[in-house]
Amino acid sequence: MAAGKGRKLVIVESPAKAKTIAGYLGGDYDVEASVGHIRDLPNPSELPADMKKGPFGKFAVDVDHDFAPYYVVDPDKKKKVNELKRKLKDADELYLATDEDREGEAIAWHLLEALQPRVPVRRMVFHEITREAIQRAVNDTREIDQDLVDAQETRRILDRLYGYEVSPVLWRKVRQGLSAGRVQSVATRLVVQRERERMAFVKASYWDVEGDFTPDGTAQQFTARLTTVDGSRVAAGRDFSDSGELVGKGVLRLDEALARRIAEACLAASATVTDVQEKPYTRRPSAPFTTSTLQQEASRKLRMSSKNSMRVAQRLYEGGYITYMRTDSTTLSDAALTAARSQARDLYGAEYVPDAPRRYEKKVKNAQEAHEAIRPAGDRFRTPAMVAGELRGDEFALYELIWKRTVASQMADARGSTATVKLSVDTAVDGARQVEFSASGTVITFKGFLAAYEEGRDDEAQARADAAAEERRLPKLSTGVALEVVRAEAEGHETTPPARYTEATLVKAMEEKGIGRPSTYASTIGTIQDRGYVFTKGQALVPTWLAFAVTRLLEEHFTELVDYEFTASMEEDLDRIAGGELGRVEWLRRFYFGDEATTAEGLKELVDDLGEIDAREISTIPLGEGMVVRVGRYGPYVEEVAPPTGGTPPVTPPNGADADATPSPSAEEGSFVAPRRATITDDVAPDEMTPAKARELLEAAADDGKVLGRDPETGREIIAKAGRYGPYVTEVIEEDEAAPATNGRGKKAAKPKPRTASLFKDMDLATIDLDTALKLLSLPRVVGTDPEGVEITAQNGRYGPYLKRGTDSRSLQTEQQLFEVTLEEALAIYAQPKQRGRAAAAAPLKELGEDPVSGKPVVVKDGRFGPYVTDGDTNATLRKDDDPASITPERGFELLAEKRAKGPTTRKRTAKKTTRKAPAKRATKKATTKKA
């Protein structure tokens, strides 16, 4: 068919999606990928020189003229935009097939603005990539939804104003380079607030009694726990406040002595059944996955991070395996309901499927029902067994999870019965004491949906306890039956602080509070980790001291911006803009300039009228007992705050100055003693920094180091010390060790740098000796030379022990190998294929022979961005029509020659003014869209 005659150009976001969709459309369609966004707001420094002093100079947004944005094509996307324009010249129709959400709608609009098509434009939307869905979408197009575009554009401008106004305050008062964000700052506050609760938590101890009982003359035995003493309920963990006080009314707190006396008395007595109750047990299946619940469950069951689970889900969606993975909806289409019910019936039996389909309503703040729930794609689901040959690893595990959840959501309730038994024992302890024990057990008589799937729990300990209770079967008992007391033991317990957030529970909390959107949760959690506000400890998210300082500043001076309700209300307003109920400009004006009608302050006035902020005070976290943590220029440190004993008081730095810069008074100034300080090591979490721990660090810092002895070769003193990054050994360089003069210029030689080495993980600062210290200081150790004469050394690095030969490094298994590995063992390690991370380097896809130019062997490999050819020095990506399996040596050599001719790739980020003229944007946007 001739170019331009009936050809249609379809633009999607990703190459993987383009490849899948192209297979479902006929030869008249060209499917291309924009590779995500093509335009965005530039950094002010990237603006053209003539615009930097104009209305766009501060934000790339003209706040005085309807908040008109100035968009530029990303430098990395100019080539792609030009390629799309060339394709468009040969097309008679343009289909914008980006995702059916606000971001996807905005990408489609940006493509429309950048390409300026002169052919009919159609907006093509779908929520799954199957042949039927794509063909339906081609035949049922619409225009671009300008309200959705406005909502996404408002969000982008809002985030720019927030970040560019608030972040500089953090730079001045906390530390350079910090960032604030509408969602990230609130997420950080959630994590900090939980850590504050843990720091304020006071443990409470309590005791109870557990016993084993059996009916007379039978072998059936069950466990029960003490619940009341003389009619008073025995205190449990839920009866204590976080301050350690007993708050439960009418409860008795057992101490160890009384608990032990009751246990001993029970062993000498018999028990009687006083009450037996049996109730039916019913458990309903969970709703199909939304973005949030998928992230939570993938974290619990598969140990996937939010970012990784969304990355894997994206690949499954683009491959046509699941429906769109960014959704708030728990709704299933009629076709999906039929598919799930049919599959459950075929796999488990008709009795496992209820008479009517189950329909779920979303009950989360600010829920949007734009899409279906996440489910297997198609009108007939493929079972995990059907896709086992196509999917591997995380992709298969996540698909199986989605399939199980979807099918289980349409299955019958689990049914059974729960029995509760109460036992009375007359112990005669401390007078006439009547004690009561209680036990319960659940028997599942019909598994229902549990045959396919059971939802995970955030509290693993409680989940195990509940599972044990559900599996416990009590013997058949009736009131008045006598029981033998087989065992009775007193048990002590301590209350535990509120659990830290995990990625799963933080996502859940953000969703419940209406903060952010499901599509942003993964990136938000990634951002607060990348910014140094949060780090992970196992599965837990732990805030840094820097996060404490930043959160305190925002809470005290930008209270509303980090208020949970206010942040959620902003999401509601964005929903109203998306629904056409609220104007974009009107809302942004109120947010930035304030509302005269309600006298509410806007962001601009809030920043302009901040007043004085005591930077030192903002960065101070009291611990009690005269101990504080301060966040300084070089990291957090603990300080002992004590009143001066006379003389000149400490100098307080001006606002904005770093606390570390406080000058120390001289001896002439009086008897003032500078406060003791100690760096806080990275392995100490905030809730572990008690006054006692602070004193321990101060004592360790006050010690100049444990003297181990002298190096017999150099005569230098060797000491062991505790440092910010852990314990280490070093040598002391005396002042007179430098030569008096060098190089004929009369300058004193530089003092030699002392050797330093970290202790191994299995070494202890208290027990380190001189011989071990000297061995550590001898590293790196020369192991020997290889047959070609290249030296091999054993070294300890940031990521652990390793061997180094030239530029080739190989990991060692243990630190001890640094001293013990032989040359033969080292050569054997180098003889093995090099590993990257935990897996060996992948074998080449194909070998093409020696390159005629470099003379080196050329192979085809699979890389992060697709297959490529390489001779070890030059890499060249295969083109779209190059098949890695059938590529010829000549074609491989040709690609390498082209790459060499181009030279190294350099990227120069310069802003390019788009054809769109701001601020006249708002008047032309809808007119442009009418082409669709």
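Residues numbered from 1 in each chain as written. Predicted model: local features only at pLDDT ≥ 70, side-chain atom pairs only at ≥ 80, totals over all residues. Heavy atoms only, no water.

*Asks:* What's the story with the overall build of the chain in this structure? I'm lost.
*Replies:* Counting its regular elements, the chain contains 26 helices and 36 strands. Taking all 932 residues of the chain together, the buried fraction comes to 47%. In the chain, the share of contacts with a sequence separation of at least 24, taken over all contacts with a separation of at least 6, comes to 68%. Surface exposure of the chain reaches about 46300 Å², of which carbon and sulfur atoms provide 48%. (Helix = DSSP H or I, 4+ residues; strand = E, 2+ residues; numbered from the N terminus. Buried < 20%, exposed > 50% of the residue type's maximum accessible area, 1.4 Å probe, protein only. Contact = heavy atoms within 4.5 Å. Areas by Shrake-Rupley, 256 points an atom, 1.4 Å probe, with all protein chains shown as cover.)

*Asks:* Quick question: what am I supposed to make of the sheet that holds strand β25 (residues 726–732) here?
*Replies:* By definition, the strands of a sheet pair up through backbone hydrogen bonds, in either a parallel or an antiparallel sense. Ordered in space as β23-β24-β25-β26, the 4 strands form an open sheet in which the pairing is antiparallel. At either end of the open sheet lies a strand with only one pairing partner, and these are β23 (706–710) and β26 (756–758). This sheet shows a mean twist of 25° between the axes of neighbouring strands, independent of strand direction. Here β25 runs beside β26; their pairing, made up of 3 bridges, is antiparallel. Within β26, the residue paired with Tyr728 across the bridge is Ser758. (Pairing = 2+ DSSP bridges. Axes fitted to C-alpha atoms, helices over the stretch in contact; angles between N-to-C directions.)

*Asks:* What should I look at first to understand the pairing of strand β7 (residues 93–96) in this one?
*Replies:* Taken residue by residue, a regular strand's side chains alternate between the two faces of the sheet. Here β7 shows a buried face lined by Glu93 and Tyr95 and a second buried face lined by Leu94 and Leu96. Taken together, the 4 bridges between strand β1 (residues 8–12) and β7 define a ladder with parallel strand orientation. Residue pairing across strands places Lys8 opposite Glu93, the latter belonging to β7. As paired strands, β7 and strand β8 (residues 121–123) are joined by 3 bridges and run parallel to one another.

*Asks:* Just checking my understanding: could you explain the nonpolar core for this structure?
*Replies:* It is characteristic of soluble globular proteins that their nonpolar side chains tend to be buried jointly. Core analysis: the largest hydrophobic core is formed by 98 residues, its most contacted members being Leu96, Leu506, Tyr533, Trp545, Leu553, Phe558 and Met689. For this core, the leading source of residues is helix α5 (residues 146–173), giving 10 residues. Sequence-distant contacts of Leu506, defined by excluding residues within four places in its chain, comprise Ala187, Leu190, Val191, Tyr501, Ile525, Ile528 and Leu541. Core analysis: the second largest hydrophobic core is formed by 58 residues, Ile129, Ala298, Ala340 and Ala414 among them. (Core = buried A, V, L, I, M, F, W, Y, C linked by side-chain atoms within 4.5 Å.)

*Asks:* Explain the packing of helix α8 (residues 291–302) against helix α12 (residues 393–408) here, please?
*Replies:* Each pair of packed helices can be summarised by the angle the axes make with each other and by the distance between the axes. Look at α8 against α12: their axes get within 11 Å of each other, and the N-to-C directions meet at 120°. When you trace α8 past α12, the crossing you get is right-handed. For the pair formed by α8 and α12, the contact residues are Thr293, Leu294, Glu297, Ala298, Lys301 and Leu302 on the first element and Ala397, Leu398, Leu401, Ile402 and Arg405 on the second. A per-class count over the contact of α8 with α12 returns 7 nonpolar, 1 polar and 3 charged. (Left-handed = near helix turned anticlockwise from the far one by under 90°. Nonpolar A, V, L, I, M, F, W, Y, C, P; charged D, E, K, R; others polar.)

*Asks:* What's the story with the packing of aromatic side chains in this structure? I'm lost.
*Replies:* Any two aromatic rings considered together are summarised by their centre-to-centre distance and by the angle between their planes. Under the defined criterion, the tally for this structure stands at 17 aromatic pairs. Considering the side-chain rings of Phe213 and Phe437, the 5.2 Å spacing of their centres and the 65° angle between planes classify their relative orientation as edge-to-face. Of the two residues, Phe213 sits in strand β9 (residues 205–215) while Phe437 sits in strand β15 (residues 434–446), which places them 224 residues apart along the sequence. Taking relative accessible area as the criterion, Phe213 reaches 1% and is therefore assigned buried. Members of the aromatic cluster, each reached through a chain of ring pairs, are Phe59, Phe67, Tyr592 and Phe593. Note that Arg189 overlies the ring of Tyr564, its terminal NZ or CZ placed 4.6 Å from the centroid. For Arg194, the ring lying beneath its charged end belongs to Tyr501, and the centroid distance is 4.3 Å. (Phe/Tyr/Trp six-rings, centres within 6.5 Å; stacked < 30°, edge-to-face > 60°. Lys NZ or Arg CZ within 6 Å of the ring centre and 35° of its normal.)

*Asks:* What's the story with the packing of helix α17 (residues 564–578) against helix α18 (residues 584–593) in this structure? I'm lost.
*Replies:* Close contact between α17 and α18 brings their axes to 10 Å; oriented N to C, the two are set at 160°. Classified by the angle their axes make, α17 and α18 are roughly antiparallel. Judged by the twist between their axes, the crossing of α17 over α18 is right-handed. Facing α17, whose interface residues are Met570, Asp573 and Ile577, α18 presents Arg584, Trp587 and Phe591. Across the contact of α17 with α18, the residue classes break down as 4 nonpolar, no polar and 2 charged. (Parallel < 35°, antiparallel > 145°, perpendicular 65-115°, else oblique.)

*Asks:* What is the right way to look at the side chain of Gln410 in this model?
*Replies:* Within the element layout of this structure, Gln410 appears in the loop between α12 and β14 (414–426). Dropping the residues within four chain positions of it, Gln410 is found in contact with Leu332, Leu337, Ala340, Arg341, Val353, Pro354, Pro357, Arg358 and Tyr360.

*Asks:* It is not clear to me how the side chain of Gln184 should be interpreted in this structure. Could you clarify?
*Replies:* Considering the arrangement of structural elements, one finds Gln184 in helix α6 (residues 184–200). Using a relative accessible area of 11% as the deciding quantity, one classes Gln184 as buried. With residues near it in sequence (within four places) discarded, Gln184 still touches Ser179, Thr524, Thr527, Ile528, Arg531 and Tyr533.

*Asks:* What am I meant to see in the pattern of salt bridges here?
*Replies:* In a structure, side chains of opposite charge can pair up when their charged atoms sit close to one another. Considering all chains together, one arrives at 60 salt bridges under this definition. The partner of Glu640 in a salt bridge is Arg676, and the shortest N-O contact between them spans 3.0 Å. Here Glu640, found in strand β21 (residues 635–640), pairs with Arg676, found in the loop between β21 and β22 (677–679); they are 36 residues apart in sequence, far enough to count as distant. For Glu640, a relative accessible area of 25% translates into the label partly exposed. Measuring nitrogen to oxygen at the nearest pair gives 2.3 Å for the salt bridge that ties Asp873 to Lys856. Residue Asp873 is found in the loop between β35 (866–870) and β36 (875–877), and its partner Lys856 is found in the loop between β33 (846–850) and β34 (857–863); the two are separated by 17 residues along the sequence. A relative accessible area of 32% places Lys856 in the partly exposed class. One salt-bridge network, held together by shared partners, links Asp208, Glu210, Asp212, Arg225, Arg487, Glu489 and Glu491. (Salt bridge = Lys/Arg side-chain N within 4 Å of Asp/Glu carboxyl O.)

*Asks:* Help me understand helix α14 (residues 503–513) in this model?
*Replies:* Residue pairs three or four apart in sequence face the same way in an α-helix, which turns once every 3.6 residues. A large share of α14 lies buried, amounting to 8 of its 11 residues. Residues Glu503, Ala504, Thr505, Leu506, Val507, Ala509, Met510 and Glu511 constitute the buried set of α14. For α14, the secondary structure elements touched by its buried residues are α6, α8, α9 (306–318), α15 (518–530) and β18 (540–543). Remark: Gly514 follows α14 within two positions and exhibits a positive phi of approximately 75°.

*Asks:* Teacher, can you tell me more about the sheet that holds strand β27 (residues 781–785) here?
*Replies:* Taking strand neighbours across the sheet as the criterion, the 4 strands line up as β27-β28-β29-β30 in an open arrangement whose pairing is antiparallel. The open sheet has two free edges, formed respectively by β27 and β30 (808–811), since each of these has just one partner strand. Strand-to-strand, the axes of this sheet are offset by a mean angle of 30°, without reference to chain direction. Summarising the sheet, strand β28 (residues 791–797) and strand β29 (residues 800–805) pair through 6 bridges and their orientation is antiparallel. Directly across from Thr793, in β29, lies its bridge partner Lys804. Across the sheet, helix α24 (residues 823–831) lies against β27, β28, β29 and β30, angled at about 85° from β29, the strand it touches most.

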